[in-house]
Every structure is written in C-alpha cells, then in structure tokens.
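Take a look at the letters that make up each chain.
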Amino acid sequence: MNSQQPIFKIGQPTENSGGSPFDFVRSLWPAWLYWLLPPLPAILFWHSHNGRFIALCLFFVSCTSLVASVFNADFTNPQGLTVGIGRPNKAWRLRMVFLGLALLSQWAIFAVLCLSLNDAHDIMAPVLALGSLIPSLSIAPCLTLVTRKPFAAVVLTLFLVGSMKILGCVIVDLAYGWHADAQGYTTLTWTHPNLLVWLFWLNTGLLCLSLYIFGRKRFVRDLTRPPGSGLSSVRY
C-alpha cells in the first residue's frame, strides 16, 4: 500500500466530477462525520469536569485532524488537472470557507450535546471549543503543507498550542516570582481570567496569525509551480 495515499481524499474530486466547490463539499462529508465521533463517548458517559475536559481535547484533535486531512492532497499524482493554477487565492478562500463552515457545524453539535446531555451550567466548555477552531484552521494547514504528513501536523499543532501555555507560565513566573505556582497564578482560570489566560490567548493569537499567513503563501506558491512538479490537484 502506498503510504502517501490519504485515508480520505478530501478536496480531490474524481476525474469526472468537474472539480466544482460542490464536489469539494461532497468529498468533505465522510471525514466530517468520522471526526465528529471522538468526543461523543466523553460527553455521553463522563459527566464531570474531567470528562468535559477530555471531550474538549478530543474535539480539538478532531477539528485539527479534519483540517489536516483536507490539506493532505496527493502530491504524487502527475496526471491531475490543476485548474486551480492561475487562481490560487480563490482556491485557498474556498477551502477555508467550507472548512470553517464544517468546523462551525461540528462545534454546534458539540455545544448542544454538552449542554443538553452533560452539564447545562458549564458554558465554558462550548466557549473554549469555539476558540479551538482558530488554531485548527490557521496552524494545521500550514504544518500539513510543510510536512506532507497529517498525523505529524496534528501532533505539532497540539504541541505548539500547549507550548503557548508554557511560554505564558515562564512570563508569569518572571512577573510574580518563582512561587507563582503556589499562589495559583499558573492555573488557567477561564471564568476569571488571570495574567496567564491573557498571555495564552495573546501568544496563541500571534502564532495563529503567523502560521496562517505562512500557510497561505505556501499554498499559493505550491499551486503556481510549473506542471509536472509533483504537486497536488486543486481543481476549483
């Protein structure tokens, strides 16, 4: 089996599909349904703060994996017709718009299930889940395009987002001293944001913006290379 072949050939219409945006939406459906499932067991059967935390983490992994699978194009198909060449910015916008809508629909289902079947009073779980869509949409495409490996892109995305908290903890320790941990300053208090929460959002926001810009440039550059260079077939 060719290890370069993605499990879901997202955004790669068949030869007779015409390569329209609607073909992209149809090809997105199986992966959307697949990655909707991982958080469900924690929501349905683990009715506690820890259960919702695990569900939130799995939701982030699912959204990042969906985005990575979309950008995991087949770079070994030399016979693909790349209609996207000449309009790479439109191809990027269409991917991001449809992916954003797919992730928002995933979030809506996650939020409804959390509030109706787990804890109707924990509004922070849906709010944090909504915030997790930003790094999924901005970091994962860049890392997938760079590594050409969706699994590595997902792991690196999770690692980078987690590193933003570590960076914030370093700044908090410098601000409050090395006993900041004992005083609770290194805990993310979402309902009453402390310095660490604001640093985490600031660091993550700058990271997302930087990698989004870099990923878009990489996507446009790859799409405008001459034919026969081993690039993927982006057809819309």
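For the structure given in this document, a descriptive report is provided here. By convention here, each chain's residues receive numbers from 1 onward along its written sequence. Under the rules for a predicted model, residues below a pLDDT of 70 receive no local features and side-chain atom pairs below 80 are neither given nor counted, while totals for whole chains, interfaces and linings still include all residues. Excluded from the side-chain calculations are hydrogens and water; all other atoms, namely the structure's heavy atoms, are used.

## Re the overall build of the protein
Selection rule: For helices the rule is a DSSP run of H or I covering at least 4 residues; for strands it is a run of E covering at least 2, with both sets numbered from the N terminus onward. To sort residues, take the accessible area from a 1.4 Å probe on protein chains only and compare it with the maximum for the residue type: under 20% means buried, over 50% means exposed, and anything in between is partly exposed. Residue contacts follow a heavy-atom distance rule, with two residues in contact if any of their heavy atoms lie within 4.5 Å. Only the protein chains shown count as cover for residues, with accessible areas throughout obtained via the Shrake-Rupley method and a probe of 1.4 Å.
Summing up its helical and strand segments, the protein has 8 helices and 0 strands in all. Secondary structure of the protein in N-to-C order comes out as α-α-α-α-α-α-α-α. Taken across its 236 residues, the protein has 45% of its residues classed as buried. The long-range fraction of contacts in the protein, counting pairs at least 24 apart against all pairs at least 6 apart in sequence, stands at 74%. Carbon together with sulfur atoms contributes 69% to the accessible area of the protein, which is approximately 12500 Å² in total.

## Thoughts on the side chain of N118
Rules: Any pair of N or O atoms that falls within 3.5 Å is considered a polar contact. Within protein, one atom must be able to donate a hydrogen and the other to accept it, and sequence-neighbouring residues count only if both atoms are side-chain atoms.
By secondary structure assignment, the location of N118 is in helix α4 (residues 88-118). On the basis of relative accessible area, N118 is assigned to the buried category, the value being 14%. Polar side-chain contacts of N118 include one of 2.9 Å to the backbone oxygen of I43. At 2.8 Å, the side chain of N118 and the side chain of R52 are in polar contact.

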